[in-house]
Amino acid sequence: MHGDRAVKDDKAMVGGFGSIDGQSVMFIGQQKGRNTKQRQMRNFGMANPDGYRKALRLMKMAEKFNKPIVTLIDTPGAFPGLEAEERGQGEAIARNLKEMFMLKVPVICIVIGEGASGGALGIAIGDRVLMMENTWYSVISPESCSSILWRSWDYKEQAAEALKLSSSDMLGNKLIDGIVPEPLGGAHADFEEAANKIKNIIKENLTELLAMTPEERIDSRINKFADMGVYN
Amino acid sequence: MTWFQRKDKGISTPTKEKKEAPDGLWYKTPSGKIIHIRELRSNQYVCPEDDYHVRIGSKEYFEILFDDNQFKELDEGLTSGDPLDFKDSKKYPDRIAASQKKTGLKDAVRSGVGKINGYDLVISCMDFSFIGGSMGSVVGEKIARAIDYSLKHKIPFLMISKSGGARMMEAGFSLMQMAKTSAKLALLSEAKVPYISLLTDPTTGGVTASYAMLGDFNISEPGALIGFAGPRVIRETIGKDLPKGFQSSEFVLEHGFLDFIVDRRNLKAKLTSLIKLLKN
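Residues numbered from 1 in each chain as written. Chains lettered and ligands numbered in written order. Predicted model: local features only at pLDDT ≥ 70, side-chain atom pairs only at ≥ 80, totals over all residues. Heavy atoms only, no water.

(A) A look at the layout of surface pockets. The computed volume of the largest pocket comes to approximately 1,600 Å³. In terms of lining, the largest pocket is formed by 44 residues, of which the most central are I140, S144 and I148 of chain A together with G230 and V233 of chain B. If you list the elements that add at least two residues to the lining of the largest pocket, you get β4 (107-116), α5 (117-121) and α6 (142-149) of chain A together with α6 (231-238) of chain B. Of the residues assigned to the lining of the largest pocket, the class counts are 22 nonpolar, 15 polar and seven charged. Quantified by volume, the second largest pocket comes out at close to 1,000 Å³. If you go around the second largest pocket, you meet 34 residues; those closest to its centre are R34, D74, I112, G113 and F191 of chain A. Within the residue set of the lining of the second largest pocket, elements represented by two or more residues are β1 (13-20), β2 (23-30), β3 (69-75), β4 and α9 (191-210) of chain A. Per-element tally for the lining of the second largest pocket: the top contributor is α9 of chain A, with six residues. (1 Å grid on protein atoms, 1.4 Å probe; cavity = no way out; pocket = protein on both sides within 12 Å on 5 of 7 lines; lining within 4 Å. Points joined across faces, edges and corners; volume = space filled by probe spheres on them. Helix = DSSP H or I, 4+ residues; strand = E, 2+ residues; numbered from the N terminus. Nonpolar A, V, L, I, M, F, W, Y, C, P; charged D, E, K, R; others polar.)

Put into structure tokens, the structure is as follows:
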């Protein structure tokens, strides 16, 4: 499916209906591209506001036809460009956060690569938020964190360490709900096997979520995120 | 032989006994206008000569908005933890302690409930002086609780944003505060309780991409910087200089993301009329 019905079709964000063993599902995710030409077309997986609005349009459609939603997150961040600001990057992400909490259908979000900042969160409000074993998810990329806190890109390893952005750290801090194991050597070593593992996890979680009423799902989705935070 | 004979000795006071001229009596705006602090204060911290809106904090906004500065502060005791044991050039708890000492604040937001021109209002207001107004767990939680209070008592909610975005030292936790506050605002919206978002200079990053842009009314002060990405990041990304006035509140209004811009001297009257219109 293409387009946000307002400005354009953002090629960094893709989505459409698919099927898992007979169950129709709305899939939405960032797309980075696999070679230089594709990466340019996909803007390296950095969506503009139009991408977030397309995602929301598809989610609302899924809700209308009562189909569960699966989002796949892989982005170095929302695009920091001139036109992105003109068309309201902040507003587009904010609206998605708010609207996703009220979706009546099950929502499963899986980080499959990079999960950076609001650009990732903009499609990552779900009943289940999962990370693949070797991915990262945080408020900022280690590169940018290094350049802000140490004023140089040379401290990115140190920044990555400090941000506690790995799947096990994120699970330990109760900021995600689970980890999808990867095949030996990582997901890139065996796409088929990695995809199978994701499929099984989606099916398991969908069974649980479909047993709940929409109100129960919305309540527990809100309560889960409302409990995140450490203070005295 | 010298032409003049110095009769008195030169400066003979040792540096450590030097008397400082009292600091902060005068304020100079970016366009060079100079104004006495007392006059600035009686003018809602707006310079009368060039209408420059000086950055102020929660104390000043509460003073300007609440009738007779009477309000009940909500959750004033909340302070930050250090969930990630974070350290850059300084340990995070040390940074918090230093900021608390410098500003006299507990964290980067304060909430209060009181009356403006007789109408009930809950206000959460950010303080930029506290680690750049950055949003960590305390900020998220205090805003969430202020919204809960609005929801429970059916009182309109005003959020005054002033922030550089998420607080890096709380990484994943600070990211999730965007989600938490948006969830609460979704509930407020369902309950049809009005939410006014005032974006002040500067409002950027994760704050713009969550509660600041979710108002029933998004309003701002003149000349405020409002954006998602900061201007420096955008300049580096596109490799060009940014157009004049880019990301100013006037620019954001023109592109359709604000309802109106209000001079701080009319803020209280304007808010009152909005609340009144929705109530009657």
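From this point, the narrative continues.
(B) Region of interest: helix α4 (residues 89-101) of chain A. Residues and elements named next belong to chain A. Look at α4: 19 Å from first C-alpha to last across 13 residues, which is about the 18 Å you get at 1.5 Å a residue. Across the 13 residues that make up α4, a large majority, eleven, are buried. All of the buried residues along α4 are Q89, G90, E91, A92, I93, A94, N96, L97, K98, M100 and F101. (Expected span 1.5 Å × (residues − 1). Buried < 20%, exposed > 50% of the residue type's maximum accessible area, 1.4 Å probe, protein only.)

(C) Just the nonpolar core, in detail. In terms of nonpolar packing, the biggest core is built from 106 residues, with I69, L121 and Y137 of chain A together with F157, M176 and Y211 of chain B touching the most fellow members. Here this core gets ten residues from one element, more than from any other, and that element is helix α5 (residues 171-190) of chain B. Beyond its immediate sequence surroundings of up to four residues, I69 of chain A is in contact with V25, M26, I28, M59, A62, L103, V105, P106, V107 and I108 of chain A. (Core = buried A, V, L, I, M, F, W, Y, C linked by side-chain atoms within 4.5 Å. Contact = heavy atoms within 4.5 Å.)

(D) Highlighting the sheet that holds strand β7 (residues 195-203) of chain B. Residues and elements named next belong to chain B. Overall, mixed pairing links the seven strands, which are arranged β3-β4-β5-β6-β7-β8-β9 in an open sheet. Of all the strands in the sheet, the pair left with one neighbour each is β3 (71-74) and β9 (260-261). Against the sheet, helix α2 (residues 58-65) engages β3, β4 (109-116), β5 (119-126), β6 (157-163) and β7, with an angle of about 5 degrees to β4. Each of β4, β5, β6, β7, β8 (217-220) and β9 is contacted by helix α8 (residues 267-279), which is oriented at about 130 degrees to β5, the strand it contacts most. (Pairing = 2+ DSSP bridges. Axes fitted to C-alpha atoms, helices over the stretch in contact; angles between N-to-C directions.)

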